Amino acid sequence: MRHDQANPAPERRVRGDAPFLGAMVAVGLVYVALIVAMLVADASFTSIGAIRDALNDPNIRFSIGLSLITCTIAAVLSVWVAVPIGYLMSRFSFRGKAVIDTVLDIPIVLPPLVVGISLLVLFQTPPGRWLDGVFHSMMNALGFDSIRGITYEVPAVVLAQFTVAAAFATRTMRVAFDQIDPRPERIAMTLGAGHATAFSRIALPQAYRGMTAAFTLAWARALGEFGPILIFAGTTRLKTEVLSTSVYLEFSTGDIEQAVAVSMIMVALAMVVLLLTRLIGFGKGAV
Amino acid sequence: MIELRGITIRVPGFELRDIGFEVDQGAYATLMGPTGCGKTSILEVICGIRKPQAGRVSINGEDVTKRKPGERGIGYVPQDGALFPTMTVRDQIAFAMSLRRWDKKKQQRRLDDLSELLRIGHLLKRKPHGLSGGEEQRVALGRALAFYPRVLLLDEPLSAIDEATRGQMIDLLKQVREHEGITTLHVTHSSSEARALAGQALRLQNGMVVNASAE
């Protein structure tokens, strides 16, 4: 059809973006409001005095220290297994890949209680008992006499946190490597590199942000872990008590104000650590 | 010399069967064909990052079909450059030299030589992000040439370059041919490019490679 100069097509009017953006913001705000409301309710339920009391309680102090140490170890271990698994799952196809993929999701899908029971049962089997014994002698040799094996000891806390946190870190690293173009690695191979060099000099430096994200996620998961720790590590004060356990112990003795105070400490601690990690890992722009 | 015999490549979407051709020692050959007909796959088979279903690849008379990509002595410049995102231009060009543990002086001499030839001296400290299409191609060319490969493979090196700089890049490729004297296979879909550069013209049509020089 010829262009009709006498009767031009009516000009198209594009509706304003305000309704669309407004709806997006409104839906988003519902969730943000829920989170903030929870924290505000917590804060109003407790007092600065109760938080100060909690901070002065030697049990809680121990619990804060142990949480920081175990979460960090669990997060480092998680990234350490997540990088190779994520790389392999992203770069190679092999028989049984779908099965492995499903297995990797099990710790995410399983109820936390079941993870704890499974760990407990595993370490009651002969290989589990043997490993427990080997670990005991290893700790002895290193001078940590107080750690007598894995089950119901500090290593059980780390293992319980790691089992779940690593699954999240692995997912994150898989996505990170999926987003990295594999072609430069192949070019590196034509230039004389083997797989190892292509991985360490081309892929890994690009995965830095992914590793930071995986570490952060694993650390946060580990801090929130409770079910597996309760069953596999127990809730012994000044021994295997971490912050989530503290909240449970305070709550179970009916001291809800103290339980909420410890929860607030936990929130503050998590925010500080996550902000710091982002600042170091992603640079200033990411905060 | 590059020699392919009975190469079969099967990828989702197309199949190339019984491909055979040769590029003479020191010659500059172009391989022409429409987009999506498998030209890149042929280059990938030659440099070893794609396994053919059948056939043999020889470089300078040596059968390299079973050799790893890094042992074939091939400089490959992919279409998009595929530069290493976290490395400076200097490190990219030194990459193959440092893997071969050349001493620092030798590396520096080669780097100076290539920077001048490819006019990338002012880019050495930069990372790939923000380089223009032409700059990316020149850096990728430097990276591929640095270790004195036995053959050079170019995958549509002019396709990401604007019309104005295309002529300069063709002149540059001619200079590289004179300076390095390296056996080159240049894949393109443009016949004018092929005419401007090639000593030997090959054409991929209907799943066969034919010699188009006589046309």
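Cut-offs used in this document
Residues numbered from 1 in each chain as written. Chains lettered and ligands numbered in written order. Predicted model: local features only at pLDDT ≥ 70, side-chain atom pairs only at ≥ 80, totals over all residues. Heavy atoms only, no water. Helix = DSSP H or I, 4+ residues; strand = E, 2+ residues; numbered from the N terminus. Rg over C-alpha atoms; globule rule 2.2 N^0.38 Å. Buried < 20%, exposed > 50% of the residue type's maximum accessible area, 1.4 Å probe, protein only. Contact = heavy atoms within 4.5 Å. Lys, Arg positive; Asp, Glu negative; His and termini not counted. Charge placed at Lys NZ, Arg CZ, Asp CG, Glu CD. Pairing = 2+ DSSP bridges. Axes fitted to C-alpha atoms, helices over the stretch in contact; angles between N-to-C directions. Salt bridge = Lys/Arg side-chain N within 4 Å of Asp/Glu carboxyl O. Right-handed = clockwise from strand over helix to strand, strands pointing away. 1 Å grid on protein atoms, 1.4 Å probe; cavity = no way out; pocket = protein on both sides within 12 Å on 5 of 7 lines; lining within 4 Å. Points joined across faces, edges and corners; volume = space filled by probe spheres on them. Nonpolar A, V, L, I, M, F, W, Y, C, P; charged D, E, K, R; others polar. Core = buried A, V, L, I, M, F, W, Y, C linked by side-chain atoms within 4.5 Å. Buried area = accessible area lost by both parts, 1.4 Å probe. Parallel < 35°, antiparallel > 145°, perpendicular 65-115°, else oblique. Phe/Tyr/Trp six-rings, centres within 6.5 Å; stacked < 30°, edge-to-face > 60°.

**A short note on the overall build of chain A**
Working step 1: When its secondary structure is counted, chain A shows 13 helices and zero strands.
Working step 2: Over its C-alpha trace chain A gives a radius of gyration of 25 Å, far above what one expects of a compact globule, namely 19 Å for 287 residues.
Working step 3: By its C-alpha atoms, chain A is 95 × 60 × 35 Å across when sized along the principal axes.
Working step 4: When the 287 residues of chain A are sorted by exposure, 38% land in the buried category.
Working step 5: Contacts in chain A between residues far apart in sequence, at least 24 positions, make up 74% of those at least 6 positions apart.
Working step 6: Charged side chains in chain A number 22 positive and 19 negative. The centres of these two groups are separated by 11 Å.

**Some words on the environment of B:V11**
Residues and elements named next belong to chain B.
Working step 1: Among the secondary structure elements, V11 is positioned in strand β1 (residues 2-11).
Working step 2: Residue classification places V11 among the buried positions, given a relative accessible area of 17%.
Working step 3: Counting along the chain gives 100 residues from V11 to L111, while the straight-line C-alpha distance between them is 38 Å.

**What about the sheet that holds strand β4 (residues 54-59) of chain B?**
Residue and element names in this part refer to chain B.
Working step 1: If you trace the four strands from one edge of the open sheet to the other, you get β2-β1-β4-β5, paired in antiparallel fashion. The strands lining the two open edges of the sheet, one partner per strand, are β2 (14-23) and β5 (62-63).
Working step 2: Sheet topology note: the β1/β4 ladder contains five bridges and is antiparallel. The residue of β4 that forms the bridge with L4 is V57.
Working step 3: Sitting on the sheet, helix α1 (residues 39-47) is in contact with β1, β2 and β4, with an inclination near 120° to β1.

**Some details on the pattern of salt bridges**
Residue and element names in this part refer to chain A.
Working step 1: Inspection of every chain in the model, using the stated rule, returns 23 salt bridges over all chains.
Working step 2: The partner of R171 in a salt bridge is D101, and the shortest N-O contact between them spans 3.3 Å. Residue R171 is found in helix α7 (residues 154-178), and its partner D101 is found in helix α4 (residues 97-109); the two are separated by 70 residues along the sequence.

**Examining the sheet that holds strand β6 (residues 74-77) of chain B**
All names here are of chain B.
Working step 1: Taking strand neighbours across the sheet as the criterion, the six strands line up as β6-β7-β8-β3-β9-β10 in an open arrangement whose pairing is mixed. Across the chains shown, the open sheet's two edge strands, defined by having one partner strand only, are β6 and β10 (208-211). Here the average twist between neighbouring strands, direction ignored, is 20°.
Working step 2: With four bridges joining them, strand β3 (residues 28-32) and strand β9 (residues 200-205) adopt parallel strand pairing. Its bridge partner being in β9, A29 is matched across the sheet by Q200.
Working step 3: The strands that helix α4 (residues 133-145) touches are β6 and β7 (151-155); relative to β6, the one it contacts most, it runs at about 170°.

**Re the pairing of strand β8 (residues 183-188) of chain B**
Residue and element names in this part refer to chain B.
Working step 1: Burial of β8 is extensive: six of the six residues sit out of reach of the surface.
Working step 2: Neither face of β8 is open: one carries T183, L185 and V187, the other T184, H186 and T188, and all of them are buried.
Working step 3: Across five bridges, the pairing between β3 and β8 is parallel. Bridge pairing links T30 to H186 in β8.
Working step 4: Bridge count between β7 and β8: five bridges; the pairing is parallel. Within the sheet, the bridge partner assigned to L154 lies in β8 and is H186.
Working step 5: The parallel pair β7 and β8, bridged by helix α5 (residues 163-180), forms a crossover whose chirality is right-handed.

**Considerations on the layout of surface pockets**
Summary: where empty space remains is shown by rolling a probe the size of a single water molecule over the atoms.
All names here are of chain A.
Working step 1: Its boundaries defined by the atoms lining it, the largest pocket holds a volume of some 480 Å³.
Working step 2: Those elements giving two or more residues to the lining of the largest pocket turn out to be α3 (58-91) and α8 (183-190).
Working step 3: The leading source of residues in the lining of the largest pocket is α8, at three residues.
Working step 4: Its residues assigned to classes, the lining of the largest pocket shows seven nonpolar, five polar and seven charged.
Working step 5: In this model, the second largest pocket occupies a volume close to 420 Å³.
Working step 6: Forming the walls of the second largest pocket are 19 residues, and the residues nearest its centre are F135, M139, V154, P155 and V158.
Working step 7: Of all the secondary-structure elements, those providing two or more residues to the lining of the second largest pocket are α3, α6 (126-142) and α7.
Working step 8: Looking at the lining of the second largest pocket residue by residue, the classes come out as 18 nonpolar, one polar and no charged.

**Side note on the nonpolar core**
Working step 1: Core analysis: the biggest nonpolar cluster contains 77 residues, and B:I42, B:I46, B:L141 and B:L185 have the highest contact counts within it.
Working step 2: Take this core: its biggest share by element is six residues, from helix α2 (residues 89-99) of chain B.
Working step 3: Ignoring sequence-local partners within four residues, the contact set of B:L185 consists of B:I2, B:F21, B:V23, B:A29, B:L31, B:L43, B:I46, B:L152, B:L153, B:L154 and B:L202.
Working step 4: In this structure, A:A74, A:L223, A:L243 and A:V262 belong to the second largest nonpolar core, which totals 35 residues.

**Things to note about the interface of chain A and chain B**
Working step 1: Between chain A and chain B, the contact holds 16 residues from the first and 24 residues from the second.
Working step 2: A combined buried area of about 1700 Å² lies between chain A and chain B, and 67% of that area is made up of carbon and sulfur atoms.
Working step 3: In terms of surface lost to chain B, no three residues of chain A exceed A:T190, A:L191 and A:R201, which account for 40% of the buried area on that side.
Working step 4: The tally of links from chain A across to chain B stands at two salt bridges.
Working step 5: The closest approach of N and O atoms between B:E44 and A:R183, which form a salt bridge, is 3.6 Å.

**What to know about the packing of helix α2 (residues 48-56) of chain A against helix α13 (residues 256-282) of chain A**
Residues and elements named next belong to chain A.
Working step 1: For the pair α2 and α13, the least separation of the axes is 9 Å and the interaxial angle reads 80°. Classified by the angle between their axes, α2 and α13 sit roughly perpendicular to one another. Residues A50, I51, A54 and L55 of α2 form the contact with α13, whose own contacting residues are E257, Q258, A261, V262, M264 and I265.
Working step 2: When the residues that make up the contact of α2 with α13 are grouped by side-chain class, the tally is eight nonpolar, one polar and one charged.

**Here we look at the packing of aromatic side chains**
All names here are of chain A.
Working step 1: Counting across every chain of the model gives eight aromatic pairs over all chains.
Working step 2: Seen in terms of ring centroids, F226 and Y248 are 5.1 Å apart; in terms of plane orientation they differ by 45°. Their pairing is tilted. Pair noted here: F226 is in the loop between α10 (208-224) and α11 (227-232) and Y248 is in helix α12 (residues 243-252), with a separation of 22 residues, a long-range link.
Working step 3: Note on Y248: relative accessible area 36%, which makes it partly exposed.

Honestly, it's all geometry; don't read function into it.
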